[in-house]
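Now for the letters of each chain:
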Amino acid sequence: MRTLRPLELDDAGWLARAGAGEPEFGDAIPLPDAEAERWVREQLRRREAGEAFVFVVVAAGVPVGTTRLGCFTPDRRAAQVSYWTAPFARGRGHATAAAGSTLAFARDALALARVHSYVARSNVASRLVLERNAFVRTAVGRRRGRLELVDRYERRWTEGGAWR
């Protein structure tokens, strides 16, 4: 069984170990090694300010990844979702399940109407996470900072909570 729980300062240790050797993907993804504590502190500050919500994905009692809602629009009706799975836990459906739980939180607790994400074109596994959670590709081949070409995916809800 997988669950989500809020990020805590104590998570810096396992994030540093799990992220060792991982490439940096941007602010929404935990930084490896010594930067993990700084990243956790910044995410906790953002949660306090209402700027982002970061959750730890737990499977069988073991933390296996993170998921985050951030980059809210000024009207607070839309946000960006991102997710990361530790290398030892990839390929087991953790990111797909965690993204689904994060979407439920976005819809039910935050009343968001839309959630979007960006995926590097070469990242087939991440694209599948979004597609399995009913995201639709809305933009193709945009360059995002130093990252390679990325596609934008989006998920919307109607007033009744159904996907449209």
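Residues numbered from 1 in each chain as written. Predicted model: local features only at pLDDT ≥ 70, side-chain atom pairs only at ≥ 80, totals over all residues. Heavy atoms only, no water.

## What to know about the side chain of Thr102
- Mapping Thr102 onto the fold places it in helix H3 (residues 94-108).
- Of note is the side chain of Thr102, whose polar atom sits 3.0 Å from the side chain of Thr67.
- A distance of 2.8 Å separates a polar side-chain atom of Thr102 from the backbone oxygen of Ala98.
- The contact partners of Thr102, leaving out residues within four places of it in the chain, are Leu4, Thr67, Leu69 and Val81. (Helix = DSSP H or I, 4+ residues; strand = E, 2+ residues; numbered from the N terminus. Polar contact = N/O pair within 3.5 Å; in protein donor to acceptor, adjacent residues only side chain to side chain. Contact = heavy atoms within 4.5 Å.)

## Side note on the packing of helix H1 (residues 12-19) against helix H2 (residues 35-48)
- The contact between H1 and H2 brings their axes to 8 Å, and the two run at 130°. What the angle tells us is that H1 and H2 run oblique. In this structure, the crossing between H1 and H2 has a hand that is right-handed. Along the contact surface, H1 presents Ala12, Leu15 and Ala16, while H2 presents Ala36, Glu37, Trp39 and Val40.
- Among the residues forming the contact of H1 with H2, the class breakdown is 6 nonpolar, no polar and 1 charged. (Axes fitted to C-alpha atoms, helices over the stretch in contact; angles between N-to-C directions. Parallel < 35°, antiparallel > 145°, perpendicular 65-115°, else oblique. Left-handed = near helix turned anticlockwise from the far one by under 90°. Nonpolar A, V, L, I, M, F, W, Y, C, P; charged D, E, K, R; others polar.)

## Some words on unusual backbone geometry
- Its identity as a non-glycine residue notwithstanding, Arg76 has a phi of 60°, on the positive side.
- The residue Arg76 is located in the loop between strand E3 (62-70) and strand E4 (78-85) in this model.
- The class of Arg76 is partly exposed, set by a relative accessible area of 37%.
- Not every positive phi belongs to a glycine, and Ala134 is a case in point at roughly 65°. (Buried < 20%, exposed > 50% of the residue type's maximum accessible area, 1.4 Å probe, protein only.)

## Here we look at H1
- With respect to burial, H1 is a largely interior element, 6 of its 8 residues being buried.
- On its buried face, H1 is in contact with strand E1 (2-6), H2, strand E2 (53-59), E3 and E4.

## Observations regarding the pairing of E3
- Counting buried positions over the 9 residues of E3 gives 7, a clear majority of the element.
- Sheet analysis places E2 next to E3, joined by 7 bridges and oriented antiparallel. When the sheet's bridge partners are listed, Val56 is paired in E3 with Thr66.
- Taking the residues that link successive antiparallel strands as the turn, the E2-E3 hairpin has 2 residues, and the phi of Ala60 there is positive, at about 50°. (Pairing = 2+ DSSP bridges.)

## Regarding the pattern of salt bridges
- Here the structure, examined in full by the defined rule, presents 12 salt bridges.
- As a salt-bridge pair, Arg5 and Asp11 come within 2.6 Å of each other at their nearest N and O atoms.
- One salt bridge in this structure joins Arg45 and Glu51, with 3.3 Å as the shortest N-O distance.
- Classification of Arg45 as partly exposed rests on a relative accessible area of 40%.
- Using a relative accessible area of 34% as the deciding quantity, one classes Glu51 as partly exposed.
- Via salt bridges that share partners, Glu42, Arg45, Arg46 and Glu51 belong to a single interconnected network. (Salt bridge = Lys/Arg side-chain N within 4 Å of Asp/Glu carboxyl O.)

## So, the nonpolar core
- Leu69, Tyr83, Val115 and Phe135 are the most contacted members of the largest nonpolar core, which has 19 residues in total.
- Among the secondary structure elements, those contributing two or more residues to this core are E2, E4, H3, strand E5 (114-120) and helix H4 (124-132).
- Broken down by element, the residue count for this core peaks at 4 residues, all from H3.
- Those residues in contact with Phe135 that sit more than four places away from it in its chain are Val81, Leu103, Val115, His116, Ser117, Leu130, Tyr153, Glu154 and Arg155.
- Within the second largest apolar cluster, 15 residues are counted, among which are Trp14, Leu15, Val40 and Ala86. (Core = buried A, V, L, I, M, F, W, Y, C linked by side-chain atoms within 4.5 Å.)

In short, geometric facts, not functional conclusions.
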